[in-house]
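The primary structure of each chain is shown beneath.
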Amino acid sequence: MNLIIMKVKLFIISVLFSLGLFAQQKEVEVVISSGWTIAQCSAISSNNQYTGQAMQNAASVWDVKTGRMIRNVVYTEDFSAALDSIWFNEDNTKLIVGFMMSNDRYEIDIASGEVVFIKGAPYDFSNYQYRPSNFQKINIYLYNQEKDDLTFRSPDGNAILIYHKIKNPLRNTSLQPFSYEVRLKIGKENPFSIDTTVHGGFVFSEDSRLLMVNKNIYDLQSGRKISDLRMVPFSGWSAMFLPDSRVPVTAAIGSIRIWDFPDVQDIKIPDLVDFRQSAVGDVVVCEVFSMLKKEKVFVAVNLLTKKIAVDFFSSEKSGYLQDVSASGERYCFMEMEKENAESMETKYTIKVIDRKSADLISDIPGSTKAFFTLNEDELLVDEKGVGTFKYHLQTKEKIPFPTEGLNETDVILAVSNDHKYIFGNKYVTGNEGTPKSIAAVWEMESGSLIFEKELSGYNLTAFQSSKDGQLLAVGSTYENAIYVFNLQTKKQLHRLIGHTAYIRRLAFSDDGKRLISSAIDGTRRIWNLEEGTEMVSLINTGEKDYAIVTPQQYYYATKGAKKMIHFVKGKEIYPFSQFDLKYNRPDIIIRDMEASNQALQQPFYYAYQKRLKRLGFTEEMLDGSFHMPIADIANDSELPISTTEKNIHLNVHAADPRFLLDRLIVRVNEVPVEGKLGTSLKGSKLHVFQKTIPVELSQGKNRIEVSVMNEKGVESIASHVSIEYLPKEIKRANFYLFAIGVSSYEQAEYNLSYAAKDAKDLAALFETNSTTFGRVHVTQITNEQVTLEGVKALRKELEKTEVDDAVCVFFAGHGLLDVELNYYLAAHPINFKNPAENGIPYEVLEDLLDGIPARKKLIMIDACHSGEIDKEEIALVESTKAGQVSDEITFRAVTSTTLQRVGLNNSFELMKELFTDIRKASGTMIISSAGGMEYAMEGGEWKNGVFTYSFLKGIKSKEADLNADGMIMLSEMNTYIRNKVFELTKGRQQPTNRAEVVESDWRIW
């Protein structure tokens, strides 16, 4: 941005300030990207800032640099409309969805999400804006037996995208016989593989700089992936309530999840696709696609005992689980296979299985859909193109089913859980030729039509009745609405709006007062049928991670799920840490979700209050009315998405008309470039600040944030930009290990057996690592060498590091609390009666790494009380000396105080467990071996401290490589070591994090 534009921008900001428009911050939207992972149409904006995706009647806009969704919009209620193309308008403020034949289009405003429909002249191509999608032509090509490769050139002709046909490696529920290896050729280089997919979809940017393939975005100058669209993985459609309760149960990723928050439990079912419930409720039949055996497996699970109830039945062919009988003793699925390799015809067969014996009872050829009737020996069967029959499993007799008013074009969709009712969709044409649907319900026993209701839209997608037969719920594609009727009076009770894609499953609680819905937007939503309102939305984000969100945007999310959460304000994307303080409210979740343990609501609220106080806020300050300065990167639109240049320059300006500016803080991947205190502005006495600031980039992704703090200690919302640095010559980072261990003390009665050995073992391990890092620099300081001055002297070595280097400072030895509960690490000459004398204050260790060039920073402490402690919730009483407890185990603690929990379940430790620490500190990950009120153990069984032993074992055995990708990331080690220490000590010791760096992760081995 040139100087004139910058001056204009500053002038506008000063005017807005004078009008008071910055006194309040406009509320933001919490976003957890979920839903479709494929798209019929894709587009990239001309400024390469946004990408658009569209599928059926919804479209989404994403930020290219971060891969995060800005917004998802249902642009039409007409589900039958077939979109053909999407593109951005000239100034990239709108995403346009176009239709080829009608020439109609929908214009979606990116900042607001508002939709405008523009009627076009059918078949008028004189002013045609249609841009064809590549999705359909590639998918059609999957069935072409002649060609092996399909190629596409970028607009400038320099890059070639190659779809190489290969045999579909998995016989999953798709009928496609082939999949693709996607290859990319840039210039004269040889093609290289970038993806393997079973469906196709791509788009080049207009300037040939970017390529998006499925959800991955590539820089065509370097061939490197810039980002991938962050989407929660598919986790089935299943949703129900536990019998006689309001506790929701859903399919998760590799498990059945029971959402009795905060006691969320998983029943592990690897490769789970979906499940169907029985009328008795406690038994469900799971549909599993075994990746190992490449076959479909069906497993029965008891939800109350949380165990697999019987052996499984498996099939090598593709298929879908159709229904479970009322008693839960039998289930059926539709199996399908190609007639032969060359044929487009598919053979369909219904298989009926005995649940307890897993024996095949019967198969019914030629049928595509089947449901059990009230008689378990009888099925309601739909034969393709023939009609609906009742089929008796013993006699094999087929009797036409006399369903009242059922026409050839009508569809039977489902039966009720108790198998008393049949649900269907009858099609009619409205007055203006608009297709409409009639929700129809028949009695199973008589075939009598007992309910008919005309609804807007073309398709009805889900039905269910309540246990007492009083209520009917219907899911419609029109506005993705759920209609709730009184089945007896036929009166509509509620119209529930919230899903952004069509509904797949519906289930009532046993008392009929709650409804759970599941949709292809990736959410399950719980509805209060007494009030007709949404209560919460449930979202699976990983095998162990999840989020629960209220309509008011309050949420709880596991720590792993935080990486999937961000906030959107207009077009701007902010990381979760910016607004997490206000919206992360587990106390509200436990209340609104009606979890069984309501007694925890108050302790959770106290934990939230503790968090606010710790960060210097009150609830009143978070209502949007308190004053906040602003900071801005004025030239953000001119900065590159990726660059080969090591340094960039930010044109930064900040302003606060009410208070003086105190400091400017620039962070790269959460690490403050000038240290946690930033650059002081105090002496300048400024209300407005403007400066060009150079920033050295780290190799790979750089999320750069700029914020300003005023003299009252209030920090602005960070302005940010993401840039990928791709050096012309890639080199491995160096690793610096400072291993400190004290077994021998001047006061010999406090000697330990293994602390010095811990440091030596860790040093010996990393000295062998010649593959992960360029050079490994190891410094060992043990026993008599460990003094406060010696530790402070390490700073000179740390200042020699470079931005891409990784640093680890490790300490093993005694950890002490003084009478004021200040924490000290025991140097060799420490006075154990007065730790302040020759002890190492914890802050000294943390300050060592603050402001050094290296940005990958780790501190590990294997000592007692190494976790944080809350002075307000600790009572001091007389104690005996903590030390050796047996011949085998010794505690690494000496203190003149005993620590006792006080308050409500210790709100401080509850806070640490519930919330991710978002304090803006030095950008160092700090893993402590024991909680603030816990003792760390060492013993002959491990010949190390248990924390160090677990770390070493995690690397040597590769057990810490949790995703088995051949790399051990810091986040993986953090998870592994917490679980391993807890296991080895039988819960007596639990590692924790004094500080976390959520958005940044790096390879440690």
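Residues numbered from 1 in each chain as written. Predicted model: local features only at pLDDT ≥ 70, side-chain atom pairs only at ≥ 80, totals over all residues. Heavy atoms only, no water.

Trainee: I keep staring at helix H6 (residues 755-767) and nothing clicks. Help me out?
Mentor: Because each turn of an α-helix spans 3.6 residues, side chains separated by three or four positions end up pointing in the same direction. The terminal C-alpha atoms of H6, which comprises 13 residues, lie 19 Å apart, in line with the 18 Å expected from a rise of 1.5 Å per residue. Buried within H6 we find Ala755, Ala756, Asp758, Ala759, Leu762, Ala763, Leu765 and Phe766. (Helix = DSSP H or I, 4+ residues; strand = E, 2+ residues; numbered from the N terminus. Expected span 1.5 Å × (residues − 1). Buried < 20%, exposed > 50% of the residue type's maximum accessible area, 1.4 Å probe, protein only.)

Trainee: Could you clarify how one ought to interpret the sheet that holds strand E14 (residues 202-204) in this entry?
Mentor: Sheet strands associate in pairs through backbone hydrogen bonding, adopting either a parallel or an antiparallel arrangement. Taken together, four strands build an open sheet; the order of strands is E14-E15-E16-E17 and the sheet is antiparallel. Two strands in the sheet have a free side with no partner beyond their single neighbour: E14 and strand E17 (225-228). Ignoring which end each strand starts from, the neighbouring axes of this sheet average 15° apart. In terms of strand pairing, strand E15 (residues 210-213) meets strand E16 (residues 216-219) through four bridges, oriented antiparallel. Residue pairing across strands places methionine 212 opposite isoleucine 217, the latter belonging to E16. (Pairing = 2+ DSSP bridges. Axes fitted to C-alpha atoms, helices over the stretch in contact; angles between N-to-C directions.)

Trainee: Explain unusual backbone geometry here, please?
Mentor: Outside of glycine, negative phi angles account for most residues, and trans bonds account for most peptide bonds. In this model, phenylalanine 261 is joined to proline 262 through a cis peptide bond whose omega is 5°. With a phi angle near 65°, alanine 358 is a residue other than glycine that sits in the positive phi range. Phi is positive for lysine 490, which is not a glycine, with a value near 65°. Examined against the element boundaries, lysine 490 turns out to sit in the loop between strand E41 (482-486) and strand E42 (492-496).

Trainee: How do you make sense of the pattern of salt bridges when you look at a structure like this?
Mentor: Two side chains of opposite charge can pair, provided their charged atoms sit close to one another. In this structure the tally under the stated criterion is 43 salt bridges. Where lysine 800 meets glutamate 797, a salt bridge forms, and the shortest distance between an N and an O atom there is 3.0 Å. Residue classification places lysine 800 among the exposed residues on the basis of a relative accessible area of 54%. Overlapping salt bridges, with partners in common, bring together Arg246, Asp511, Arg514, Glu530 and Glu594 in one network. (Salt bridge = Lys/Arg side-chain N within 4 Å of Asp/Glu carboxyl O.)

Trainee: Any chance you could explain the nonpolar core here in plain terms?
Mentor: Note on soluble globular proteins: their nonpolar side chains tend to be buried together. The biggest cluster of nonpolar side chains holds 70 residues, and the ones touching the most others in it are Phe766, Val807, Leu858, Met860, Ile861, Phe951 and Ile1004. The element contributing the most residues to this core is strand E62 (residues 806-812), with seven residues. The contact partners of isoleucine 1004, leaving out residues within four places of it in the chain, are Phe766, Asn769, Thr772, Phe773, Leu858, Phe951, Ile968, Met969 and Leu970. With 45 residues, the next largest nonpolar core counts Leu242, Ala251, Phe275 and Ile526 among its residues. (Core = buried A, V, L, I, M, F, W, Y, C linked by side-chain atoms within 4.5 Å. Contact = heavy atoms within 4.5 Å.)

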